[in-house]
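So the chains spell out like this:
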Protein chains: 2
Amino acid sequence: MAKLTSRSEDYSKWYNELVVKANLAENSGVRGCMVIKPYGYAIWEKLQAELDKRFKETGHQNAYFPLFVPKSYFEAEEKNAEGFAKECAVVTHYRLKNDPDAPGKLMVDPDAKLEEELIVRPTSEAIIWSTYKNWIQSYRDLPILINQWANVVRWEMRTRLFLRTAEFLWQEGHTAHATKEEAEQEAIQMQEVYRDVVENFMAIPVVKGYKTPSERFAGADETYTIEALMQDGKALQAGTSHFLGQNFAKAFDVKFTTNEGKQEFVWATSWGVSTRLMGALIMTHSDDFGLVLPPKIAPIQVVIVPIHKTDEQLNEIRVVAENLQKELTAKGIAVKFDDDKTTKPGWKFAEYELKGVPVRIAIGPKDLENKQLEIARRDTLEKNSIPMEGAAAHLENLLDAIQKNLFDRAKKFRDEHTTTVTSYDEFKDIIENKGGFVSALWDGTEETEEAIKNETKATIRCIPQHFDQVTEGVDFYSGKPAKFRVLYAKAY
Amino acid sequence: MAKLTSRSEDYSKWYNELVVKANLAENSGVRGCMVIKPYGYAIWEKLQAELDKRFKETGHQNAYFPLFVPKSYFEAEEKNAEGFAKECAVVTHYRLKNDPDAPGKLMVDPDAKLEEELIVRPTSEAIIWSTYKNWIQSYRDLPILINQWANVVRWEMRTRLFLRTAEFLWQEGHTAHATKEEAEQEAIQMQEVYRDVVENFMAIPVVKGYKTPSERFAGADETYTIEALMQDGKALQAGTSHFLGQNFAKAFDVKFTTNEGKQEFVWATSWGVSTRLMGALIMTHSDDFGLVLPPKIAPIQVVIVPIHKTDEQLNEIRVVAENLQKELTAKGIAVKFDDDKTTKPGWKFAEYELKGVPVRIAIGPKDLENKQLEIARRDTLEKNSIPMEGAAAHLENLLDAIQKNLFDRAKKFRDEHTTTVTSYDEFKDIIENKGGFVSALWDGTEETEEAIKNETKATIRCIPQHFDQVTEGVDFYSGKPAKFRVLYAKAY
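Reading the values: rules and limits
Residues numbered from 1 in each chain as written. Chains lettered and ligands numbered in written order. Predicted model: local features only at pLDDT ≥ 70, side-chain atom pairs only at ≥ 80, totals over all residues. Heavy atoms only, no water. Contact = heavy atoms within 4.5 Å. Buried area = accessible area lost by both parts, 1.4 Å probe. Salt bridge = Lys/Arg side-chain N within 4 Å of Asp/Glu carboxyl O. Polar contact = N/O pair within 3.5 Å; in protein donor to acceptor, adjacent residues only side chain to side chain. Helix = DSSP H or I, 4+ residues; strand = E, 2+ residues; numbered from the N terminus. Nonpolar A, V, L, I, M, F, W, Y, C, P; charged D, E, K, R; others polar. Pairing = 2+ DSSP bridges. Axes fitted to C-alpha atoms, helices over the stretch in contact; angles between N-to-C directions. Left-handed = near helix turned anticlockwise from the far one by under 90°. Core = buried A, V, L, I, M, F, W, Y, C linked by side-chain atoms within 4.5 Å. Buried < 20%, exposed > 50% of the residue type's maximum accessible area, 1.4 Å probe, protein only. Phe/Tyr/Trp six-rings, centres within 6.5 Å; stacked < 30°, edge-to-face > 60°. Lys NZ or Arg CZ within 6 Å of the ring centre and 35° of its normal. Disulfide = S-S within 2.5 Å. Parallel < 35°, antiparallel > 145°, perpendicular 65-115°, else oblique. pLDDT = per-residue confidence, 0-100. Least-squares fit on C-alpha atoms with pLDDT ≥ 70 in both.

Remarks on the interface of chain B and chain A
At the interface, 64 residues of chain B touch 64 residues of chain A. When the two sides are added together, the surface that chain B and chain A hide from each other amounts to roughly 5300 Å², 64% of it contributed by carbon and sulfur. Contact with chain A buries surface across chain B, with Y64, L96 and L106 of chain B losing the most and accounting together for 13% of the total. Remark: the boundary between chain B and chain A carries 6 salt bridges. A salt bridge links E75 of chain A to K105 of chain B, with the shortest nitrogen-to-oxygen separation between them at 3.8 Å. Along the contact surface separating chain B from chain A lie 34 residue pairs in polar contact (both at pLDDT 80 or more). Here the element with the most residues in the side of chain B that touches chain A is strand β5 (residues 87-98) of chain B; it accounts for 12 residues. Of the residues belonging to the side of chain B that touches chain A, the class tally is 38 nonpolar, 10 polar and 16 charged. Taken together, the 5 bridges between strand β5 (residues 87-98) of chain A and β5 of chain B define a ladder with antiparallel strand orientation. Within the sheet, the bridge partner assigned to H93 of chain A lies in β5 of chain B and is V90 of chain B.

What follows is the structure, given as C-alpha cells:
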C-alpha cells in the first residue's frame, strides 16, 4: 500500500487521498456527484441513527416530500430563489427516444417538453411549505415537527468529496409553529442537538453562535450555527438551524386561526446537517497514517489480528479471540476478528490504521503463553500488553478514553488556534500564517465584513452566543464603535 | 369524520380515500409525485429496518450512488435503455436566471445547457456497473454485495399513491460474482428474504415464482418474483430479484482475472422492493373502517383510551394506564396512552380504527372497579374484557394471534381465489367475474401469452417454483402441448 501524502506536504491532497484509499467515497462518472462506498456509508449510517434518535426524542417525525420543485414555487419566495434556485439541476423533458440519425443512440424527445420546468430540490422549504398550506387551518394543527432524510442537488462548480458535491445526502427539519417564541426555541433547541451529537458522538468541538445577516440562510431571520475548526486552520460550518420568521408562511400564504379566532401567519424553522460532516470528521481527527475514528462512530471499534505461522497456532488463537469477541459483543462493542489467510498481519495492521479502527489487538503464540494481548491505540499509536483476564472491561474503558482523548485533543488544537486580535496587521498575520479562529470586535456593518472578506478571504463564521453584544471597544478594521465580538476564519 | 367509501361500492375510491384519510400519503403539487406523511413514513421505516437487518445478516452492505445517470450509460445497455430510459426525467440545464421580460419570474438559462443530458435514475444498474468496473480486477475483489436505499423516478402517465408514482422510494441490491452459480444462488436467496419479510412481517402471503421472458426485467436472464393477491382479486408484484447473467458486465466491460489467471466477465444480480409494498399492505388487510395493520409493522401496536367524565377519574385511570404502558414497553410493545382532552373517546375510537392500530384498550371508572380492561381487536372488531392482572402477557399473546390471523385470513382468501382451469371459457369467466389467480397450462410461447393479455388483460404473473415444468397436458388457449403450469391474473 502506497503511503498517503503527508498533511504538512499538501493538506488538500492528503484529504483526497485519504477519502479514496480508506474506501470512504470516490468521484463518479457524473460531474460533481460522489459514490459513497460501503465503509464511508457505514459511518454515515451510524451518524444518521444517532441524529434520528435525538430528533425523535425531541418530538419530531420523519416524512418524505417530492424530489422535484416546480419552478414557480421558487418565484414565490424571492430570497430563497436568489439563494438557491439559480445553480441547480433543471428537468425540462420527460422522455428520450431513439435518435433516428444515429443508430443505438438516444436523444431528448422534443415532443416531451414539460409545461413547467422542475428543479431537483436544492433544499425543500418551497415544496414543504406549499404542502403545509393544506395541513394547517387552526392552532390545533400546530406545531408540525417534521424531519426528512433526503438527497439534494446544488450545481457547485468546484467540488470536493463530502465537502462540496453537486448531490449530497442530508436531513432537513421543517417545523411550523403558532408563536414566534416557540419557533425561536425550536431553532435554538436543534442547534443544541447538533452541538451535542457533533461534540459527544463525533468528538468534534464546535463553537455555537449565530450568523451575521449576510451569512444567513436565504429566507431566514436568524441562522444559528455550529462551527468547527479543521487541522489546517480553516473553519467548517458543521450544522445550521434557521428561525425563518413568517417568511415562508407569507410566500406560500399559510395562515392559521388562533385560539381567539384571529387569522395569523405561521412561524417556521428549518435545520440541517449533511454528508459534509464526514469531511469534518476526517479533517478533525485523522493523521498521516490514515483515518482516525472516535469509537462511538466507528463501524468497527476493535479489530483482532492473529499472528501465526501454522494452522494449529491459528486455531489456538481463534479460541481466545472468539471468546473475547463474545464478551465485547455482549458489551455492545463492534469487534472484527480478521482471520483472512490471504493477507499478512503487517498488511492488516496498515489497513486498519488507514481505516481508523480505534483499537487493534494482536494475538500471537507468545501472547497465548503469557496470557496477554497486544493492544494498539489508533489515536496515539501507542502499543502495550494487557492480561487476557479482564481484557473486555479494560477495552471498554479504553474506548471511552480514546473518545475523550480525541475530543480533548481537538479542543486543545481549537483553543490554541483561536487568537484574539485588536489590529488589522495582527489579523492579517494570523489569517495568513497561523490560521484558525480570530476573535475580534466588529462594528456590525456589512461594509466592514465585506471589505475584510475581499481583502483576506476570511469571513465572520459566527457571533458566538457567549460573547454576544458588546458596549465598548472599536472595530479593528473600521475604527468605529464595536457592536459584537465575532469569530473570523477562512472556511471550507 | 366522514365514512370511507365501502370496498364493494368502489374499491379504487376506497383505496384512495383510505390512504389520504389515514394520513399515509397524499398527492403533491408535482405531477405524479407523492408526499409520504409521518404516519405512512413510520410504517415504511419499520419495513426498512426489517429489510435492512435481513440484508446485513445475509452479508450485504449499504452504499450510495449518484442520482443522475449520463444518457450515454443507457446507450451502453440496449435492453435496459429500451425498458427504462425512455419515460424518465431528463436534466438538460444547470442554471435558472431572472427572466428579463417578466420581473419576478425565473427562466432556464440557455447558456447553461449540459453537454450531455442527465437522466434521473429509474434504476441504478448502469451507474453502478460503470462504477464496479473500477472496483473489480481479480476474483479476490468478488463478490461485491451492495444495497442502496434511494429514490428513483419513472415518468408514469397514470399514477396512484404508493402503487405507481413518478418518484418512489426503494432499495436496490446490486451484486457481482465470479460464477454463474453463485449469482443465481444470490438472486434466489434474496427472493426468499423478500418472501420471509413480506409473509412473516407484513402478513401478506405470496407465491414464489419466476417470470416469463416477456415479463422479465429488461436486461435480466431470469427474474424471480413474489406475487401477492389483493382483496379485489388483482395480483400485485411485491418484489423481484434478477439474475442478470453477464449482460451488464458485457455492456460496461467488467472483467476479472480468475484464480487460474483467465479473464472473464463478471456475473450479476439486482433486486428491489419499493414503497409499492405499502399499497400491498393496505389492500391485503384493510376494511371499510380503515387501515388494518399487522402488529409487527404497526408504529403503534396498542392504544389506551381513557373514558372519563372528571379529572379525578382521568387521574385514577392514568395510574393504571401508565403502569400497563410500562409493562408493555418492557416487552418491546409500542403503546400510546391517548389522554388528549380536546377529543372525545368516540372520536379516538374511530381515529385508531382508521389508522389500523391492532389493539385498542378502553379504561373507564367501571373497569377500575372491576379491575378489568376492555379490549378491541382491530382485525376482527371483537371486543371483550380481561382482568388487569396479567394483562401485559395477555396482550403480548393477542398481538401474536392477530399477526397470525391476518396472515391466515389473507392466505385463505388467496387460496379461495386461486382457480385451476382447463378451458378458455372457464378462464375468461374467472378473470372477468371472480378474479384472483388462475392456474393453467401454458405452451411456453410469447404468442399465446400476448394473445391472452390482449384479449383479457390477464398476464402470466409467474411460473410458480413448486409447479415448474410439466410434461403432459395442453395449453387451454392454443391447444398445443403444455410446457409450464403458470398463474395468470390481472395485476396492479
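From this point, the narrative continues.
Describing the sheet that holds strand β15 (residues 267-274) of chain B
Residues and elements named next belong to chain B. Pairing within the open sheet is mixed, and its 11 strands lie in the order β3-β8-β9-β15-β12-β11-β10-β23-β24-β22-β21. The sheet terminates laterally at β3 (61-62) and β21 (418-420), the two strands that pair on one side only. With 5 bridges joining them, strand β22 (residues 437-442) and strand β24 (residues 484-489) adopt antiparallel strand pairing. From the neighbouring strand, W442 faces β24, where its bridge partner is F484. Lying on the sheet, helix α8 (residues 276-285) is in contact with β11 (222-229), β12 (235-245) and β15; it crosses β12 at an angle near 145 degrees.

Some words on the packing of helix α1 (residues 11-21) of chain A against helix α8 (residues 276-285) of chain A
Residues and elements named next belong to chain A. The geometry of α1 relative to α8 is characterised by a closest axis approach of 11 Å and an angle of 115 degrees between their N-to-C directions. You can see that α1 and α8 cross each other, and the crossing is right-handed. Across the interface between the two elements, Y11, W14, Y15, L18 and V19 of α1 pack against G279, I282 and M283 of α8. Residue classes in the contact of α1 with α8 are distributed as 7 nonpolar, 1 polar and no charged.

Thoughts on the nonpolar core
F68 and W129 of chain A together with F68 and W129 of chain B are the most contacted members of the largest nonpolar core, which has 95 residues in total. Setting aside residues up to four positions removed in sequence, F68 of chain A forms contacts with V91, L118, I119, V120 and I127 of chain A together with V30, C33, A89, V120, V153 and W155 of chain B.

Describing the pattern of salt bridges
Oppositely charged side chains can pair when the atoms bearing their charge come close. In this structure the tally under the stated criterion is 62 salt bridges over all chains. D408 of chain A is paired through a salt bridge with K404 of chain A; the nearest N and O atoms lie 2.7 Å apart. Taken together, the residues span about one helical turn, with D408 of chain A and K404 of chain A both in helix α12 (residues 391-416) at a distance of 4 residues. We classify K404 of chain A as exposed; its relative accessible area is 54%. Among the ionic pairs, K331 of chain B bridges to E396 of chain B, the shortest N-O distance being 3.2 Å. With a gap of 65 residues between them, K331 of chain B in the loop between α9 (311-330) and β17 (335-337) and E396 of chain B in helix α12 (residues 391-416) connect regions that are remote in the sequence. Judged by relative accessible area, which is 36%, K331 of chain B ranks as partly exposed.

Notes on the pairing of strand β22 (residues 437-442) of chain A
Residues and elements named next belong to chain A. Burial analysis of β22 places 6 of its 6 residues in the buried class, the great majority of the element. Burial of β22 is two-sided: the residues F437, S439 and L441 facing one way and the residues V438, A440 and W442 facing the other way are all buried. Here strand β21 (residues 418-420) runs beside β22; their pairing, made up of 3 bridges, is parallel. Looking at the pairing, T420 lines up with S439 of β22.

Regarding the packing of aromatic side chains
In this structure the tally under the stated criterion is 44 aromatic pairs over all chains. A centroid spacing of 5.7 Å and a plane angle of 80 degrees characterise the contact between F476 of chain B and Y488 of chain B, whose relative ring orientation is edge-to-face. Of the two residues, F476 of chain B is situated in the loop between β23 (459-464) and β24 and Y488 of chain B in strand β24; the sequence distance between them amounts to 12 residues. A relative accessible area of 0% means that Y488 of chain B is categorised as buried. Counting every residue linked through ring pairs, the aromatic cluster contains W44, F55, W149, Y194 and W271 of chain A. Positioned over the ring face of W14 of chain A is R7 of chain A, at 5.9 Å from the centre of the ring. A cation over a ring is seen here: R360 of chain A above F349 of chain A, with NZ or CZ 3.8 Å from the ring centre.

Details of the state of the cysteines
Following the criterion strictly, the structure yields 0 disulfides over all chains and no others. The structure places no disulfide on C33 of chain B, whose sulfur is separated from the nearest cysteine sulfur, that of C88 of chain B, by 14 Å.

Notes on the packing of helix α13 (residues 424-434) of chain B against helix α14 (residues 446-456) of chain B
All names here are of chain B. With their axes 11 Å apart at the nearest point, α13 and α14 run at an angle of 45 degrees to one another. Relative to α14, α13 is oriented oblique. Two packed elements cross with a definite hand, and for α13 against α14 that hand is right-handed. Facing Y424, F427, K428 and I431 of α13, the residues of α14 in contact are I452, E455 and T456. The residue inventory of the contact of α13 with α14, partitioned by class, reads 4 nonpolar, 1 polar and 2 charged.

Brief notes about the sheet that holds strand β20 (residues 383-387) of chain A
All names here are of chain A. If you trace the 5 strands from one edge of the open sheet to the other, you get β17-β16-β18-β19-β20, paired in mixed fashion. Two strands close off the open sheet at either side, each with one partner strand: β17 (335-337) and β20. Averaged over all pairs of adjacent strands, the angle between their axes in this sheet comes to 25 degrees, without regard to strand direction. This element, helix α9 (residues 311-330), spans β16 (302-306), β17, β18 (359-363) and β19 (372-377) of the sheet and lies at about 170 degrees to β17. In the packing of helix α10 (residues 345-354) onto the sheet, the strands contacted are β16, β17 and β18, and the crossing angle to β16 comes to about 170 degrees.

Structural notes on the confidence of the model for chain A
Considering every residue of chain A, the mean pLDDT works out to 96; 98% of them sit at 70 or more. Predicted complex, confidence summary: ipTM 0.96, pTM 0.97.

Re the pairing of β24 of chain B
Residues and elements named next belong to chain B. In terms of burial, β24 is largely enclosed, as 6 of its 6 residues are buried. Alternating residues of β24 divide into F484, V486 and Y488 and R485, L487 and A489, and every residue in both groups is buried. Examined bridge by bridge, β23 and β24 share 3 bridges and lie antiparallel to one another. If you follow T459 over to β24, its bridge partner there is A489.

Looking at the side chain of T459 of chain B
Residues and elements named next belong to chain B. Structurally, the position occupied by T459 is in strand β23. For T459, a relative accessible area of 9% translates into the label buried. Of note is the side chain of T459, whose polar atom sits 2.9 Å from the side chain of R461. When near neighbours in sequence (up to four residues on either side) are disregarded, T459 contacts E215, K453, L487, Y488 and A489.

Focus: the relation of the copies chain B and chain A
Taken as rigid bodies, chain B and chain A are interconverted by a rotation of 180 degrees and an axial shift of 0.0 Å, the fit giving an RMSD of 0.0 Å. Overall, the copies show the geometry of a two-fold rotation axis. Looking at the rotation axis and the C-alpha trace of chain B, the residue lying nearest is V91 of chain B, at 2.1 Å. Here 100% of the interface residues in chain B have copies in chain A that are interface residues too; the copies meet face to matching face.

Remarks on the environment of S270 of chain A
All names here are of chain A. With respect to the helices and strands, S270 occurs in strand β15 (residues 267-274). Accessibility expressed as a relative area gives 2% for S270, which makes it buried. Through-space distance from the C-alpha of S270 to that of T223 is 9.5 Å; in sequence the pair is 47 residues apart. Residues in contact with S270, not counting those within four places in the same chain, are E125, G173, H174, F217, S241, H242 and L244. Side chain to side chain, S270 and E125 meet in a polar contact 2.7 Å long.

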